[in-house]
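Understanding the architecture of this molecule
So you can see what is in the structure, the chains are spelled out below.
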Amino acid sequence: MHRFVAQANVDHFIGHLTGSDLTPDKRTSITKLLIAELDKLAHDLEHLEFAEKRAAEGRTRVNQVRDMRDGHPFGTPQREQAERLLVNCENLQTVLEDFCHRLRAKINSPGGTISTGPRRNLIC
C-alpha cells in the first residue's frame, strides 16, 4: 500500500514541477518532497521499472519543451518563459535519472544498498 502512495506522490510532485508558475521557494520545497518520496521507493527494486518509465517520460517532456522554446523568436517573453520551463524540466530530469542510476547500482552490487551520496543543488 505504501508503495502505491509513494508512486502517486511522485507523479503528483512531477506534475507540479513541470509547470512554470511555481516560485523558486515552492519549487525547492516540492523538489525536496519528490526526492523524499523517491527515497522511499529506493528500498524495493520493483520500483526500477516505475522510475525508468518516469525518466523516459521526462526525456520526452524535455524534448517537447525544447522544441516549444525553439519555436519562439529570441528576446520575446514567450521564449524567456519557455527557457525557464526548460531549465525546470532539465533539473527534474536530472533528479529522475539520478534515482534510476542509484537503483541500477543497487542491482549491480551484490548485497549493496542504494547510496544517497551528496545531492547536487539542482533547484532553481
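Placed above this text is the structure.
Report on the accompanying structure. Values in this document were obtained by computation on a predicted structure and should not be read as measured data. (Residues numbered from 1 in each chain as written. Predicted model: local features only at pLDDT ≥ 70, side-chain atom pairs only at ≥ 80, totals over all residues. Heavy atoms only, no water.)

1. Describing the overall build of the chain
- Counting its regular elements, the chain contains four helices and zero strands.
- Traced from its N-terminal end to its C-terminal end, the chain shows the element sequence α-α-α-α.
- Within the chain, buried positions represent 37% of all 124 residues.
- Across the chain, every contact between residues at least 6 apart in sequence was considered, and the portion connecting residues at least 24 apart equals 70%.
- Working note: accessible area of the chain is about 7500 Å², and carbon and sulfur atoms make up 55% of it. (Helix = DSSP H or I, 4+ residues; strand = E, 2+ residues; numbered from the N terminus. Buried < 20%, exposed > 50% of the residue type's maximum accessible area, 1.4 Å probe, protein only. Contact = heavy atoms within 4.5 Å. Areas by Shrake-Rupley, 256 points an atom, 1.4 Å probe, with all protein chains shown as cover.)

2. Brief notes about the nonpolar core
- Within the largest apolar cluster, 22 residues are counted, with the highest numbers of intra-cluster contacts made by V10, L34, L38 and F99.
- Looking at this core, the elements with two or more residues in it are helix 1 (2-17), helix 2 (24-41), helix 3 (47-70) and helix 4 (77-108).
- Counting residues per element, this core draws most heavily on helix 4, which supplies six residues.
- Apart from the residues lying within four places of it in its own chain, the contact partners of L34 are V10, F13, I14, L17, L92 and V95.
- V62, V65, L85 and C89 belong to the second largest nonpolar core, which has five residues in total. (Core = buried A, V, L, I, M, F, W, Y, C linked by side-chain atoms within 4.5 Å.)

3. Overview of the packing of helix 1 against helix 2
- Remark: helix 1 packs on helix 2, axes separated minimally by 9 Å, with the N-to-C direction vectors making an angle of 155°. Here helix 2 runs roughly antiparallel to helix 1, going by the angle between their axes. Two packed elements cross with a definite hand, and for helix 1 against helix 2 that hand is left-handed. Where helix 1 approaches helix 2, its residues R3, A6, Q7, N9, V10, F13, I14, H16 and L17 are matched on the opposing element by R27, I30, T31, L33, L34, E37, L38 and L41.
- By residue class, the composition of the contact of helix 1 with helix 2 is 10 nonpolar, four polar and three charged. (Axes fitted to C-alpha atoms, helices over the stretch in contact; angles between N-to-C directions. Parallel < 35°, antiparallel > 145°, perpendicular 65-115°, else oblique. Left-handed = near helix turned anticlockwise from the far one by under 90°. Nonpolar A, V, L, I, M, F, W, Y, C, P; charged D, E, K, R; others polar.)

4. Regarding the packing of helix 2 against helix 4
- At their nearest, the axes of helix 2 and helix 4 sit 11 Å apart, and the two run at 15° to each other. In this view, helix 2 runs roughly parallel relative to helix 4, as classed from their interaxial angle. You can see that helix 2 and helix 4 cross each other, and the crossing is right-handed. Across from R27, T31, L34, I35, L38, D39 and L41 in helix 2, the residues of helix 4 making contact are N88, L92, V95, L96, F99 and R102.
- Classifying every residue of the contact of helix 2 with helix 4 by side-chain character gives eight nonpolar, two polar and three charged.

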